[in-house]
Structure formats: C-alpha cells, structure tokens
Amino acid sequence: MSSYGKNYQVIVVGAGHAGCEAALAAARMGCTTLLLTIGLDTVAQMSCNPSIGGLAKGHLVHEIDAMGGEMGLNIDATGIQFRRLNTRKGPAVRAGRAQADRMAYSARMKNVIEREPLLDLKQGLVDELLVRRNRIVGVGTREGITFSGKTVVLTTGTFMRGLIHIGLNHYAGGRAGEPSAEGISASLGSFGLRVGRLKTGTPARLSSRSIDFSKLERQPGDKVIKPFSFLTDKIERPQVDCYIAETNERTHQIIRAGLDRSPLFSGVIEGVGPRYCPSIEDKVVRFADKKSHQSFLEPEGIRGSEMYPSGLSTSLPADVQLAYFRSMIGFEQVEIMRPGYAIEYDFVEPMQLHASLETRAVAGLFHAGQINGTSGYEEAAGQGLLAGINAAHQCTDKEPVIIGRDEGYLGVMVDDLITQPTTDPYRMFTSRSEYRLLLREDNADQRLTELGRKIGLVSDVRWEKYLAKQEQVTAATQIIETKSVTSSDRRIVEKLELGELKSGLSLKQLLRRPEISIKQLEEIFPELGPFSAQALEQVEIAVKYEGYIKRQLEQVARFREQEDVKIPTNIDYALIPSISTEVREKLKKIQPISLGHASRIQGVTPAAIAVIQIYLRKKSHV
C-alpha cells in the first residue's frame, strides 16, 4: 500500500445518492472532502427505476432541499415527467414524483460535484478500513492506495459482497456490469459490527421500438408542474408520456412454469427482499387469485430507447422473462435490452449506530443508505445528507445534528432505524410519522431551512428566498384575517354562493369552508394577487386544518416532555431495579439518548420507562 499523501477531513465511500449528498454537505460546510467511487461514470446512477419522489419519498426530497441538499435541484433540472400524487386527499399525504432522464441526472450531479471547491472525486474500490485505537483514520483501495481522513462515511449501496442472480446463474457484482466490494464486510465484522444479508431486484429493460404503444393506456404528466426544490420557480420543459400495461393469466402461467429455475423459490437466495416491492414471481405466488398485475411503463430518457416496466422486477431466467413479457398485450414482439436480476448484498444492522449515524464500535465511522438496511434513492440521500453534516461537525468539534420525529421525515427514518430491528429493506411511508400533518412537503422549508442556514448549508440566495416567502405568508395571513365580506358586497356574495349573510365574514372564515379555495379568493380579491402560489398554499392549509394542526402540536408538546429527559451516556443499567434482564440488555445494546428514545425500542415497556424516569429523577437530586 502507498499513501496518496493528502489528508482529508471527510472521506465518503460510494458515489450513489447517499454518497453525493454526504460529500457535497461536508464540502459545503468547509471540510476538505474526498468522494471515492468504483466508477467515475456511474455517479448518482439510477440503478433501478429512474424516478425521484413518490408517497413520503417526495417529502424526504423536499426536506433534503430545504436544508441545502442537491437532490431536488437535480430532478427539477433533469425530470421528463412530473406528477402530483394523492391530490384529492389531505395535504399530509400529497406528494410529487418525477421520471428522470437517467443519464442526464447522473451527468448533472457529477458536474455539480466536480465544481465543488473543497471536494475531490476519485476512482477507487475501497476494500479496507484503516482503524487505530477504535477510531477510523482512513481507507485502503484495491488499487493499493491509502487515503487518510478524520472521518469516513460508508455509502456502499448493494456493493458489499454483492451477488447477482439471473435464474440459477449467479456471479459477484455490485450492480450489473460492475464489480462487488469484497473486503469491507470483513473489516466491519472484525470491529464487532453485526453484518446481515438483504436482497433487492430490478426488472428487465425493454426496447421502445419493439412495443406497440397503441395497445397501452397513455399516462401523461401534469400540465402545471410543481417543482421539488424551493429554489425552482417553474419547469416548462416538454414532458414525455408513460404508459400502463398489465400482466394476464397466460403471463402468470409462464411464470409459474419457470419457478423451478427461480433462485428465489429454489432456496439459492438467502437475503430478505423488500416487503413492499416484491418481484413479479413473488406476486404471482402470493396473490394466486389475482388475474393481472399493473405495470407503469416508463422511459429512461429523452434520447434512448430503454423502457422501465415498474412492478415487474424478477430473478427468473432470461428466456422466461422474454416469454412472459411477450404474453402481455402490446409486448407481443418486445425485445429485452437488459435482463432483470436480483442482487444479494451485505448491510450493517443500524441499531448499532448513534442517532448521528456514527457507528458505536468505531469513532468517526458513519453509515448511510443501503448499508443501513434501507431501500430507495430518497432514503439514501437523506441519510447521506445527515451523515455528511455530522462527519463535518465531528471534524470541527461541533455537536451532531439530530432531527426529531416531530421535525421531519428525516428524523422519523433515523429514529426508526436505530430503535427497531431490520427484518427487510426499510422504506419510508407517511404512516410511519405520528405527526404527518405537521410534516408536509409544502412546509419543509419552514421546518428545516433555518437549521440548514445555522450549520452553513443554506446559501444566501436560498435564505433570501425563504425569508421572502415567510414575509408573504405573514402578509397574506393578515389580509385574510382582517378583510371581510358583508351582505352589501352582492357581487362577491353571489360569486361565492354565500346566500343570505346576516353578518360580515372574514376571508379566514370563508376559507374554512371546504367548498371555498384560496384560488377563488385570489380571483376576487386583488390584494392576494401579488403573493406566490407557495405562500398562498401555506395560508390555505393553516386555515383549513387549524384545529387538526393545533391538536398535533399539543401531541408534540407531550412527546417533547420525554424527549427532553436525557439519559447520561455513562448510565449503568445494572443499578436500576425492577426492570427485566431483557429490557436491561436492550438498553445497554442501543444506548438511548433520551427517555423518548428508550420508549421506542421494541420490547422496552411503559413500566420500564416509568422506573427509569424515577431513577433519573432521584439521581438528579443526589
């Protein structure tokens, strides 16, 4: 091994979605940062579906953006179809989703990274972690080069001992066409970290030239696009269409006939797959009474011909894949450009992490993304952002940034990972949050931009735009609270179909009515005209959901009472009477930082929490 001869403050291993956000955050916060990747041409590669956002995932993208991350800006710049989901439901579960031009997404992110002043991007396969006295001091690569660093962020994706399966054929690989990383797992195990095995998969890619789109249902994007980034004013690029296809009973018969050659059903695959994104063969077996399964057929880019058939991930042999696709309407002559495959990979059980995403076993070593047992680009990017922030803070002797469950989905995700055992790849859902009405996409900037500014990630441009929006919200709120409609305003009364008015009504009272929207009021009252759609949306939600929001804020206040009771790092649980051995072992293993944190550990009972609270109260008076 030879030393590269340059000392870094933060080294990030892996340039996927987690690695990109981690490296950019650390560099933008003033730390000399190295981003190491197996291939310079695969930065921010979209290994599976080339899309960003979706239910709850869109919330994460808005939060990443609000704190100064890059994902929202990147998809706004490279998206080729944008859609709002759940528009007929409440604001808590509305979310954005965009199909990306896969190559453009990767190229733009790589360009952003290469232009960041304190960030070096280098190619190298890390196969060794260098540790001295339980502290990380650098990494070693397969190429025989060592790099020194104060902190290391591991964002290895599916590359740790990755094993690709296509039928009964399998070979080592971190992704199709790329090598696996074989040495890191052994390093982690030697430090006492528990390493497990998970599995995921991806569908075949199809040639658009061989598909009869006239037989499929067209799915256009939204006419009015709502961007992901709070910095993006509007997106006016032409959009592409997606299509809806369906399997049928003939498709299912072909799949069943091929199950004897499926690694999933023949016991070859050991890793646990994602519960909420099963393969098509898994769906056919588990839902045997279902006559068809829907697939959204999505283009991978503007210029290429590859199409992504979502919902049809598989590890069946290539000939079976071709046969079942050709049994589907519109796919009779389809050509497969890349076969689908399953991949097994190592992960490190995240209950071994601090809330900062630093490992307990090795000081200065942080984990983010699929190494923590998660799935999805958005989950990975969110963890990467937080790990990069906290690695930078450790280098500058600052306290770690911990986001609460009441402050963001970022906080919900990290808290879930470090308190609950990982049985399958973790995916974010709005139902995971107790306070989802407070954690909406539209107010992510209100919740997190001030924090991003405080730690040095939010630029002057973003900060000024945020302040301007908040001023608009305040001014618009004042107008709707003070301006009234009376019976003498006949034109307005008739237009809003208010009937007989016995007394005047403020615009706020009118807006509380479910049938009246802020857009209607804006068309009638020119005073609301100067305000942005984003500011008016905030005002409308605050008024229409005022009672619900108030109740959730009261719940947060009660939640905070337990969160504010800190548990000392040197506490000896053996000295606490009346708690079971099982609870005591779990508390010693996870080392919760607060009473609230302890209460969310599986198996720690309310009675045990009460005993610990009494013990802490007595100790504080000693």
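Anything mentioned here points back to the structure above.
Residues numbered from 1 in each chain as written. Predicted model: local features only at pLDDT ≥ 70, side-chain atom pairs only at ≥ 80, totals over all residues. Heavy atoms only, no water.

**Q** Got a sec to walk through the overall build of the chain? Specific residues and values, please.
**A** Helix and strand counts for the chain come out as 20 helices and 22 strands. Principal-axis analysis of the C-alpha atoms gives the chain an extent of 85 × 80 × 50 Å. Counting over 622 residues, the chain shows a buried share of 55%. Of the roughly 26,800 Å² of accessible surface on the chain, 50% is carried by carbon and sulfur atoms. In the chain, which carries 79 positive and 74 negative side-chain charges, the distance between the mean positions of the two groups comes to 2 Å. (Helix = DSSP H or I, 4+ residues; strand = E, 2+ residues; numbered from the N terminus. Buried < 20%, exposed > 50% of the residue type's maximum accessible area, 1.4 Å probe, protein only. Areas by Shrake-Rupley, 256 points an atom, 1.4 Å probe, with all protein chains shown as cover. Lys, Arg positive; Asp, Glu negative; His and termini not counted. Charge placed at Lys NZ, Arg CZ, Asp CG, Glu CD.)

**Q** Kindly report on the sheet that holds strand 5 (residues 95-100), identifying the contributing residues and their values.
**A** An order of 3-5-4 is seen for the 3 strands of this open sheet, with the pairing classed as antiparallel. For this open sheet the edge positions go to strand 3 (51-53) and strand 4 (79-85), each flanked by a neighbour on one side alone. The average angle at which neighbouring strand axes cross in this sheet is 20°, direction not considered. With 3 bridges connecting them, strand 3 and strand 5 associate as antiparallel partners. Bridged to Gly53 within strand 5 is Arg97. Running over the sheet, helix 2 (residues 57-66) touches strand 3 and strand 5 and is turned about 80° from strand 3. (Pairing = 2+ DSSP bridges. Axes fitted to C-alpha atoms, helices over the stretch in contact; angles between N-to-C directions. Contact = heavy atoms within 4.5 Å.)

**Q** Any details on the packing of helix 11 (residues 444-454) against helix 12 (residues 460-482)? Residues and values, ideally.
**A** It is at 11 Å that the axes of helix 11 and helix 12 come closest, and there the two elements cross at 145°. Where helix 11 crosses over helix 12, the handedness of that crossing is left-handed. For the pair helix 11 and helix 12, contact is made by Asp445, Gln446, Thr449, Glu450 and Arg453 and by Asp460, Trp463, Tyr466, Lys469 and Gln470, respectively. Residue classes in the contact of helix 11 with helix 12 are distributed as 2 nonpolar, 3 polar and 5 charged. (Left-handed = near helix turned anticlockwise from the far one by under 90°. Nonpolar A, V, L, I, M, F, W, Y, C, P; charged D, E, K, R; others polar.)

**Q** Tell me about the nonpolar core, and name the residues and values.
**A** Tyr105, Ile113, Val153, Ile389 and Leu410 are the most contacted members of the largest nonpolar core, which totals 77 residues. The greatest single-element share of this core, amounting to 10 residues, is contributed by helix 9 (residues 377-395). Here Ile389 is in contact with Ala25, Met29, Met67, Val401, Ile455 and Leu457, once residues within four sequence places are set aside. In this structure, Val493, Leu501, Leu510 and Leu528 belong to the second largest nonpolar core, which totals 24 residues. (Core = buried A, V, L, I, M, F, W, Y, C linked by side-chain atoms within 4.5 Å.)

**Q** Residues and numbers for the packing of aromatic side chains, please.
**A** Enumeration according to the criterion identifies 7 aromatic pairs in this entry. Ring geometry for Tyr324 versus Phe325: centroids 4.9 Å apart, planes at 35°, classification tilted. With respect to class, Tyr324 is no different from Phe325; both count as buried. Phe325 sits in the buried class, given a relative accessible area of 0%. An aromatic cluster of three or more residues is present, and its members are Tyr324, Phe325 and Phe331. One cation-aromatic arrangement involves Arg432 over Tyr426; the distance from NZ or CZ to the ring centre is 4.1 Å. (Phe/Tyr/Trp six-rings, centres within 6.5 Å; stacked < 30°, edge-to-face > 60°. Lys NZ or Arg CZ within 6 Å of the ring centre and 35° of its normal.)

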